[in-house]
Amino acid sequence: MKQKYNRVYNFAAGPSMLPLDVIEEVSNDLPNYGESGQSVMEMSHRSAEFKQILADAEQDLRDILEIPDNYRVLFLQGGGTLQFAMVPLNLLRKSKKADYIITGSWAKKAYKEAQKFGDIRVAASSEESNFTYIPKLTREDFREDADYVHICFNNTIYGTHYSYIPDTGDIPLVADMSSCILSEKIDVSKFGLIYAGAQKNVGPAGVTIVIIREDLLGNAPENCPTYLDYRIHADNSSSYNTPPCFGIYVAGLVFKHIKKLGGIESVHSQNVIKAGRLHDFIDSSELFTCPVEAKEDRSLMNVTFVTGNPELDKKFVAEGRLAGLVNLNGHRSVGGMRASIYNAMPVEGVDALISFMAEFEKENK
Ligand SMILES: *Cc1c(COP(=O)(O)O)cnc(C)c1O
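Residues numbered from 1 in each chain as written. Predicted model: local features only at pLDDT ≥ 70, side-chain atom pairs only at ≥ 80, totals over all residues. Heavy atoms only, no water.

Peer 1: Describe the overall build of the protein chain, and please don't skip the residues or the numbers.
Peer 2: Helix and strand counts for the protein chain come out as 10 helices and 13 strands. Computed over the C-alpha atoms, the radius of gyration of the protein chain is 21 Å, within 12% of the 21 Å expected from 2.2 N^0.38 for a compact globule of 365 residues. Each principal axis of the C-alpha atoms in the protein chain carries an extent, and together these give about 65 × 55 × 30 Å. With 365 residues in all, the protein chain has 55% of them scored as buried. A sequence separation of at least 24 residues applies to 67% of the contacts in the protein chain between residues at least 6 apart. When the accessible surface of the protein chain is totalled, it reaches about 15,800 Å², and 49% of it is carbon and sulfur. Taken as two groups, the 38 positive and 48 negative side-chain charges of the protein chain have centres that lie 3 Å from each other. (Helix = DSSP H or I, 4+ residues; strand = E, 2+ residues; numbered from the N terminus. Rg over C-alpha atoms; globule rule 2.2 N^0.38 Å. Buried < 20%, exposed > 50% of the residue type's maximum accessible area, 1.4 Å probe, protein only. Contact = heavy atoms within 4.5 Å. Areas by Shrake-Rupley, 256 points an atom, 1.4 Å probe, with all protein chains shown as cover. Lys, Arg positive; Asp, Glu negative; His and termini not counted. Charge placed at Lys NZ, Arg CZ, Asp CG, Glu CD.)

In structure tokens form, the structure reads like this:
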């Protein structure tokens, strides 16, 4: 399959790889979707065909994540970044206080944005250690009257991930799951709101998934712009205005693909194998090290590593590219290397990376 199209193994943090089966299906159906005589790109969002696509996407996502009935699923635009504002705008509904755990750049951006809307406090931060671990917090660490607590569940840039769900008692827990949604089973009922941009693990850029508990709807202030009110989207089944139709369609195909693979458990066990092999190799290597020392805090999706020599890191990334292993550079803010191995990265891609790393180590010791 890889040979057929001359595709590379793309380790980009996002937009990132999609399952080849899905790309082929999109390609086949592009000129004429079903019996509609048109592509999904050209289709009215009020058409029966598109309504079905949207309804199926929601139902399949509900099935995969076992989303309880008292949660609404929204397909929005604006990325994770718009959620940094929509969350405080809609959820600062009583005390106007919220507590944030800072575990990386995205969590910090969310915190900074929220400060425009209320009394926002840092409950904990791992910045002093360059975000190489996840702080362990309990109920007592949060303000009793906080309207919500915000966490970033998987830290795309630093390669860390929560190994536990903080106990916030009655305070709604809000999680940015942009880079880990659908990578593992999660107990949705432990969260008040989950959001995720699609372009890491779900589909093309342009769709943002929001899963929100019903009682958190309808709290936006009077002067809230219409588009930014979750209630409006929930009342109009994500079609208040034109939704990102094509992105929702592709995301829907990815959901069906996950179901075909056997659901979230199968996907998760593949992810454990992939990340396990790569981390085991790095831990046994004399050249490469992973900055995330606490093993339980390591991400299954974003694996960070360095040689300790920035010049050698650059050489690694450049030679990897020539070998068909692309986008292995770390985020521009941290350097080093990062292999993003989302659901769609096949095990063979990880094995190819490990072989390449072993070869590179031999030649550069
Ligand atoms: C990529 C990313 C974002 C930003 O997403 P946009 O869709 O570009 O706004 C936010 N949070 C996390 C955890 C991310 O990985």
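Peer 1: Explain the pattern of salt bridges to me, and be specific about the residues and the numbers.
Peer 2: Where charged atoms from two side chains of opposite charge come close, those side chains can pair. Under the criterion given, the structure shown has 24 salt bridges. Of the charged contacts, one joins Asp-119 and Arg-143 as a salt bridge, the two residues approaching to 3.1 Å between their closest N and O atoms. Taken together, the residues Asp-119 in strand E4 (residues 119-125) and Arg-143 in the loop between E4 and strand E5 (148-152) connect sequence positions 24 residues apart. Looking at Asp-119, the relative accessible area reads 38%, which means it is partly exposed. When its relative accessible area of 17% is taken as the criterion, Arg-143 is described as buried. Residues Asp-283 and Lys-295 are paired through a salt bridge, measuring 3.7 Å at the closest nitrogen-oxygen approach. Separated by 12 residues along the polypeptide, Asp-283 in helix H8 (residues 264-284) and Lys-295 in the loop between H8 and strand E11 (302-305) bring together distant segments of the chain. Exposure remark for Asp-283: the relative accessible area of 37% places this residue in the partly exposed category. Classification of Lys-295 as exposed rests on a relative accessible area of 58%. Salt bridges linked by common partners bring Asp-56, Asp-60, Asp-63, Lys-256 and Lys-259 together as one network. (Salt bridge = Lys/Arg side-chain N within 4 Å of Asp/Glu carboxyl O.)

Peer 1: Could you give an account of the nonpolar core, with specific residues and numbers?
Peer 2: Counting residues in hydrophobic clusters, the biggest one holds 59 residues, and the most contacted among them are Leu-65, Phe-75, Met-177, Leu-182 and Phe-255. Ranked by the residues each element gives to this core, the list is headed by helix H7 (residues 245-261), at nine residues. Once you skip the residues sitting within four places of it in the chain, Phe-75 turns out to touch Leu-54, Ala-57, Glu-58, Val-207, Thr-208, Ile-209, Ser-238, Pro-244, Ile-248 and Phe-255. Among the nonpolar cores identified, the runner-up in size contains 31 residues, and Leu-74, Leu-76, Leu-91 and Leu-217 belong to it. (Core = buried A, V, L, I, M, F, W, Y, C linked by side-chain atoms within 4.5 Å.)

Peer 1: Break down helix H10 (residues 347-363) for me, with residues and values.
Peer 2: Taking 1.5 Å as the rise per residue, H10 with 17 residues should run 24 Å; its terminal C-alpha atoms sit 25 Å apart, in good agreement. Considered for burial, the residues of H10 that qualify are Val-347, Gly-349, Val-350, Leu-353, Ile-354, Phe-356, Met-357, Phe-360 and Glu-361. Buried residues belonging to H10 abut strand E1 (9-10), H8, E11, helix H9 (310-322), strand E12 (325-326) and strand E13 (337-340). (Expected span 1.5 Å × (residues − 1).)

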